[in-house]
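Topology and contacts: notes
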Amino acid sequence: MSDSKSRPVLCTECSQPMESPICCAGCGALNPLPPSLFTYFELFGLEPTYEIDLGELRRKYLTLSRSIHPDVAGRTSDSQRAQSLALSSGLNRAYETLRNPVDRAEYLLHLANGPSAADDKSVPGELLGEVMMLREQIEEATEANDQDLLASTRAEVLKQQKETLEEIASICRSGDLKEPATQQRLRQQLNAVKYWNNLLEKIPLQVES
Amino acid sequence: MTSNTTNNMSDIIIGIDLGTTHSLVAYADASGPHVIKDESGDARLPSVLRFEDDGRVVVGWHAKTHAVERPRSTVYSVKRLMGRGYDELVASGELAHLPYRVVQRASDTPGRDIAAIEVGDRLLTPPELSAMVLRELKDRASRYFGREVHKAVITVPAYFDDAQRQATRDAGRIAGLEVVRIVNEPTAAALAYGIGLREQLAEASKNTEKTAHRGIAAGGLSLQLAGACSSSEGSSSEQSQDGSDADESLVAVYDLGGGTFDISILRLCAGVFEVLSTHGDTQLGGDDLDREIMGLIYREIQDQFGLNVESPATQQSIRLLAENVKMRLSEEESAAIEIDLGHDRVYRRTISRDEFEKMIEPWVEKTLNSCRQALRDAKVRGSDIHQVVMVGGSTRIPYVRRRVQELFQRVPYTALNPDEVVALGAAVQAAVLAGLEKDALLLDVIPLSLGIETMGGAMGKLILRNTRIPCQATERFSTFVDGQTNVKINVLQGERELARDCRSLGEFELRGLPPMPAGIPKILVTFLIDENGILNVSAVEERSRKEASIQIVPTHGLTREEVRRMELESYAHAREDMTAHRLIDLRNQIAFDTAKAEQMLARVGDELDPAYRSEIEQAMRELRRLGESESDPDVIHKALNDFDRKTIALAEKSIVNALRSDNKE
């Protein structure tokens, strides 16, 4: 994947360089470039790395939303509306992907042309036994309505989830994602986090409040 | 096309809250959003319809307060039937509570299930009935502006699925309205809340700084939100890892209306209203709380007197009574009921607030579970919420407020008029779409996951709940049999694993595929959820890049042709009612209302306060005189409404009488 800075995009309407390839900050024109031509990072004018400034991402997302959302007055023709809907959906997906650390790591894996975590279901060796034990613990505590045990189990799962997220961040930060071995390690952690998330979903809602 | 910077006269967009119990219409101008009131100064229009023998339809207060007289022809709570099938309504037990008749509409297409209401010799679908309420509001707004209004923003419960949203949009079309946007009710409320704060802040700064002007652009509402979000680094706390700003606020909107419940968690920041998650129940509201009281009364009358009082007339009257008890219990510690059942049988009962709270506890607990789910989905804790905004008439119940306060650990915000706030928000969104309001931007989510039925009857999710809209997903389809030219797709909405446990939105049939060996045609189907939360489906054959044709048969909804036909019918009806008819109708109404009041006075007049009695008699004489001399329908309409309001206490008394006569047989 090419460097995001190497491709200055010009607005098709006013020919000015655009910070984001989908909407011109100068003249407000929507740019009908096919979204497959640029990465989610390029969309927001960000470097394609795991470490991104989430505040900046959010500000750029909101600025772009203000320009391309279908509610912006004056977009009345069918084709303007269709274009705005397509761009907004693409922008929303890009934002959700980059905002969420797991999805962002998964996306970096995709940019590095690696198989996705879902394609390769491998997990760290010790994970399944641990998940099994915690799941039983949740089921028993739910059955017995043991709020204390549920709360402590939840805390344990949250701790595991946090550690896995830290591991994901550290692999993305220091490792070379083009290396198959690094990719493999990342995929294992990405799959692990899904197990923790599923466990958290199983804990009754009352425990949280 | 019109300019989008000025308030073009031909392009008024009104905001409508189409509610289960009441509906309202509002608009926004430079000074902010305003509700449009009726001739008697009331903004609320009861969403109640009364069908007369001659085919006339009366909408509003009159229909509501006189429900006992025409129990089978008075239709209410239509919203709970919107976009729902007859079979599902039977299965959920919803129909057992209704005195009017709901049937399954005949259809020549298998798999469709559409409920309709039978009134006299007419069979009307919920969208047609809602259209009558919308038309009343549209006419009210048209009278207010002095010319016809054609465009509206209409609100729906956030938890409405696609079929319920489509049904609402259809209702608008049938009423002759272009529905420019469907907005979620809690989101609309948040918008009104946010704009209200902005106005307050503007007001405050104007007061402290006398020379400062309010910065309202000509004809517009553009005013910077005070405390605009400064750009800070992404917070590093455990919960907030997504670049949230320091000055923004997290708001929960708890919306318990007459028939539906929603909870939405929003992030408000510099005019952006960003929904993080939403949850709810489209069959949970004040109606259910009334039914608890009704059930108690039925059971006890049955036990004490062996009487079954579930006839349509008693159902209508006990329902009004129960609603009244519920409202009284918000003000007082207990409410006494007395029902004269005839033959010296009098049912007397005092319901304490404590007892009422026990009755409604399971319902309130259900709403709290929705809140917990919404919090989990938004990845925030109850204590992270800065403000809990209460919306909907049922949030006046002290028990509801108390439980919500416990959950969020803060006193809920009840300063907004819970009846009007949604309509006001709809009007603000109308101003956004008209280009008058430039600060506000709504970013909403889809409330329920969307998917398709896969092999073996599973639900294959394509878009998960609480995904930001607009959004889209694509899926490839092919053929199973050589030479197959059609492919059918069952589109589903819901969270359950099996297709049969989710709601079927409709069957989408790809047609006219070139006959080829099985598996060779590749059709790329795009499921797009637009800003209204409504599904749009398109398909392309990948080889030829040709648009594939899709035939859509909505499972619980109307086809485009059906809506068009209903619009024409409704228009014809409405035109008839317009001019001369209106005057004749109003005069008949006077004759009817005064005769009715006379009857009621004859029966229960002695039990009334003498001053009240003579006031009614005086009003009756004046109304009759007006009917003979006045030729302006609006003046008569107003007088009728005033009279109606004056006689509410009398009508309540007469409920007892209706019960008595009902149980004599």
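Residues numbered from 1 in each chain as written. Chains lettered and ligands numbered in written order. Predicted model: local features only at pLDDT ≥ 70, side-chain atom pairs only at ≥ 80, totals over all residues. Heavy atoms only, no water.

1. With respect to the overall build of chain B
Stated precisely, the cut-off is as follows: Helix and strand labels come from DSSP, where a helix needs a run of H or I of at least four residues and a strand needs a run of E of at least two; each type is numbered from the N terminus. Accessible area is worked out with a 1.4 Å probe on protein chains only. A residue is then buried under 20% of its type maximum, exposed over 50%, and partly exposed in between. Throughout, a residue-residue contact means that at least one pair of heavy atoms, one from each residue, lies within 4.5 Å. Residue burial considers only the protein chains on display, and all accessible areas are found by Shrake-Rupley using a 1.4 Å probe.
Scanning chain B from N- to C-terminus turns up 15 helices and 28 strands. The buried share of chain B, taken over its 665 residues, is 59%. Contacts spanning at least 24 positions in sequence make up 68% of the contacts within chain B whose residues lie at least 6 apart. A total of about 27400 Å² of accessible surface is found on chain B, and carbon and sulfur atoms cover 49% of it.

2. Remarks on the interface of chain B and chain A
This is how the line gets drawn: Summed over both partners, buried area is the accessible surface (1.4 Å probe) that two parts give up on being assembled. Think of a salt bridge as a Lys or Arg side-chain nitrogen and an Asp or Glu carboxyl oxygen that are within 4 Å of each other. Within 3.5 Å is the distance limit for a polar contact, defined as a pair of N or O atoms, with the added protein rule that one can donate a hydrogen and the other accept it, and that residues adjacent in sequence qualify only through two side-chain atoms. Amino acids are sorted into nonpolar (Ala, Val, Leu, Ile, Met, Phe, Trp, Tyr, Cys and Pro), charged (Asp, Glu, Lys and Arg) and polar (every other residue, Gly among them).
Taken together, the contact pairs 46 residues of chain B with 33 residues of chain A. Both sides together, the interface formed by chain B and chain A hides about 3200 Å², and carbon and sulfur atoms give 47% of it. Of all residues in chain B, B:R376, B:R468 and B:P470 bury the most surface against chain A, accounting for 22% of the area lost on that side. A salt bridge links B:E248 to A:R58; the shortest N-O distance between them is 3.2 Å. Linking chain B with chain A are 17 residue pairs in polar contact (both at pLDDT 80 or more). Looking at the side of chain B that touches chain A, the elements with two or more residues in it are β14 (261-269), β15 (272-281), α8 (353-378), α10 (421-433), β19 (441-443) and β22 (471-477) of chain B. Ranked by residues supplied to the side of chain B that touches chain A, first place goes to α8(B) with five residues. When the residues that make up the side of chain B that touches chain A are grouped by side-chain class, the tally is 16 nonpolar, 14 polar and 16 charged.

3. A look at the sheet that holds strand β25 (residues 523-529) of chain B
Residues and elements named next belong to chain B. Applicable threshold: Pairing between strands is defined by DSSP: at least two bridges between the two strands are required.
Strand order in the open sheet formed by four strands is β22-β25-β26-β27, with antiparallel pairing between adjacent strands. This sheet does not close on itself; its edge strands, each paired only once, are β22 and β27 (546-547). With two bridges connecting them, strand β26 (residues 535-541) and β27 associate as antiparallel partners. The partner of V540 across the bridge, within β27, is E547.

4. Section: the packing of helix α5 (residues 127-143) of chain A against helix α7 (residues 180-202) of chain A
Residue and element names in this part refer to chain A. Condition: In this analysis, axes come from line fits to C-alpha atoms, helices being fitted only over the stretch in contact, and the angle between any two N-to-C directions falls in the range 0 to 180 degrees. In what follows, roughly perpendicular refers to angles from 65 to 115 degrees, roughly parallel to angles under 35, roughly antiparallel to angles over 145, and oblique to any angle outside these ranges.
Between α5 and α7, the least distance of the axes is 10 Å, while the angle of their chain directions is 5 degrees. If you check the angle between α5 and α7, you find them roughly parallel. Every residue of α7 that contacts α5 at L127, L128, V131, L134, R135 and I138 is listed here: A192, Y195, W196, L199 and K202. Here the contact of α5 with α7 is built from residues that sort into nine nonpolar, no polar and two charged.

5. Observations regarding a negative patch on the surface
All names here are of chain A. Under the convention used in this document: Patches were defined on residues exceeding 30% relative accessible area and lacking a salt bridge, with like-charge contacts within 9 Å and nonpolar side-chain contacts (Val, Leu, Ile, Met, Phe, Trp, Tyr) within 5 Å. Counting rule for charge: Lys and Arg are taken as positive, Asp and Glu as negative, and neither His nor the chain ends is counted. Charged groups are reduced to one reference atom each: NZ for lysine, CZ for arginine, CG for aspartic acid, CD for glutamic acid.
On the surface, E136, E139, E140 and E143 cluster together into a patch of negative charge. Mapped onto the elements, E136 comes out in helix α5. For E136, a relative accessible area of 44% puts it in the partly exposed group.

6. Looking at the state of the cysteines
Residue and element names in this part refer to chain B. How we decide: Defined by distance alone, a disulfide is two cysteine sulfur atoms within 2.5 Å.
According to the stated counting rule, one finds zero disulfides over all chains in the structure shown. Of all cysteine sulfurs, the one in C502 lies closest to C471, which takes part in no disulfide; the gap is 17 Å. Owing to a relative accessible area of 6%, C471 belongs among the buried residues under this scheme.

7. Brief notes about the nonpolar core
Residue and element names in this part refer to chain B. Inclusion rule: Here the nonpolar core consists of buried residues drawn from Ala, Val, Leu, Ile, Met, Phe, Trp, Tyr and Cys, with membership extended through side-chain atoms lying within 4.5 Å.
I16, L49, V75 and L129 are the most contacted members of the largest nonpolar core, which has 50 residues in total. Residue contributions to this core peak at seven residues, all from helix α3 (residues 126-145). Sequence-distant contacts of L49, defined by excluding residues within four places in its chain, comprise V57, V58, V59, A63, S73, T74, V75, V78, L129, M132 and V133. L250, L307, I339 and Y347 belong to the second largest nonpolar core, which has 49 residues in total.

8. Observations concerning the confidence of the model for chain B
Residue and element names in this part refer to chain B. What counts here: For every residue, the predictor assigns a confidence score, pLDDT, that lies between 0 and 100.
Averaged over all residues, the pLDDT of chain B is 85; the fraction at 70 or higher stands at 89%. Under a pLDDT of 50 for its full length, residues 1-9 has, in the predicted model, 13 contacts with residues more than four places off or in other chains. Counted against residues more than four places away or in other chains, residues 209-241, with its pLDDT under 50, gives 68 contacts. The ipTM for the predicted assembly is 0.86, set against a pTM of 0.83.

9. Remarks on unusual backbone geometry
All names here are of chain B. Here the residue pair I469 and P470 is connected by a cis peptide bond, since its omega of 0 degrees sits within 30 degrees of zero. Among the secondary structure elements, P470 is positioned in the loop between β21 (458-463) and β22. In this structure, H343 takes a positive phi of about 50 degrees despite not being glycine. Counting through the fold element by element, H343 comes out in the loop between β16 (334-340) and β17 (346-352). A relative accessible area of 54% means that H343 is categorised as exposed. Even without being glycine, N466 reaches a positive phi, approximately 65 degrees. Residue position: N466 is located in the loop between β21 and β22.

10. A few points about the pattern of salt bridges
It is possible for side chains of opposite charge to pair when their charged atoms get near one another. A full pass over the atoms with the stated rule returns 61 salt bridges over all chains. Salt bridges linked by common partners bring A:R58, A:E96, A:R99, B:E248, B:R267, B:E274 and B:R468 together as one network.

11. Things to note about helix α3 (residues 78-99) of chain A
Going by this rule: A helix is expected to reach a length of 1.5 Å times the quantity of its residues less one.
In this model α3(A) runs 31 Å from its N-terminal to its C-terminal C-alpha over 22 residues, within 8% of the 32 Å that 1.5 Å per residue would give. Among all positions of α3(A), only A:S84, A:L85, A:L87, A:S88, A:S89, A:L91, A:N92, A:A94, A:Y95, A:T97, A:L98 and A:R99 are buried.

12. A word on the environment of B:E199
Residues and elements named next belong to chain B. Within the secondary structure layout, E199 lies in helix α5 (residues 185-208). A relative accessible area of 17% means that E199 is categorised as buried. Taking the C-alpha atoms as reference points, E199 and G32, separated by 167 residues in sequence, lie 8.1 Å from one another.

13. Overview of helix α4 (residues 101-111) of chain A
Residues and elements named next belong to chain A. In terms of residue burial, α4 counts as a mostly covered element, since nine of its eleven residues are buried. Looking at α4, one finds that the buried residues are P101, V102, R104, A105, E106, Y107, L108, L109 and L111. Each element contacted by the buried residues of α4 is listed here: α1 (40-43), α2 (54-68), α3, α6 (147-174) and α7. At the N-terminal end of α4, a side-chain oxygen is found 2.9 Å from the backbone nitrogen of V102, two or three residues along, and the residue is N100. Directly after α4, the chain includes N113, whose backbone phi takes a positive value near 60 degrees.

14. Quick notes on the side chain of B:S504
Residue and element names in this part refer to chain B. Locating S504 in the fold gives a position in strand β24 (residues 503-511). A distance of 3.0 Å separates polar atoms of two side chains, one belonging to S504 and the other to N490. A polar side-chain atom of S504 sits 3.0 Å from a polar atom in the side chain of T555.

15. Thoughts on the sheet that holds strand β18 (residues 387-391) of chain B
Residue and element names in this part refer to chain B. Pairing is mixed in the open sheet, where five strands are placed in the order β18-β13-β14-β15-β19. Unpaired on one side and paired on the other, β18 and β19 mark the two borders of the sheet. Looking at each pair of strands side by side, their axes are set apart by 25 degrees on average, direction ignored. Here strand β13 (residues 249-256) runs beside β14; their pairing, made up of eight bridges, is antiparallel. Note that in β14 the partner of V251 across the bridge is L266.

16. Thoughts on the packing of aromatic side chains
The line we're drawing: Any Phe, Tyr or Trp ring, taking Trp's six-membered ring, that has another such ring centre within 6.5 Å forms a pair; planes under 30 degrees apart are called stacked, those over 60 apart edge-to-face, and the others tilted. A ring is considered to have a charge above it if a Lys NZ or an Arg CZ atom is located within 6 Å of its centre and within 35 degrees of its normal.
Across all of its chains, the model carries nine aromatic pairs over all chains by this definition. Ring plane angle 35 degrees and centroid distance 5.9 Å describe the contact between A:F41 and A:Y107, whose orientation is recorded as tilted. Pair noted here: A:F41 is in helix α1 and A:Y107 is in helix α4, with a separation of 66 residues, a long-range link. With relative accessibility at 0%, the residue A:F41 sits in the buried group. A ring pair is formed by B:Y27 and B:F145, whose centres lie 5.3 Å apart and whose planes are at 80 degrees; its orientation type is edge-to-face. Of this pair, B:Y27 sits in strand β2 (residues 22-29) while B:F145 sits in helix α3, placing them 118 residues apart in sequence. On the basis of relative accessible area, B:Y27 is assigned to the buried category, the value being 12%. These aromatic residues form a ring-pair network of at least three members: A:Y40, A:F41 and A:Y107. Here the guanidinium or amino end of A:R104 rests over the ring plane of A:Y50, the centre of that ring lying 4.6 Å away.

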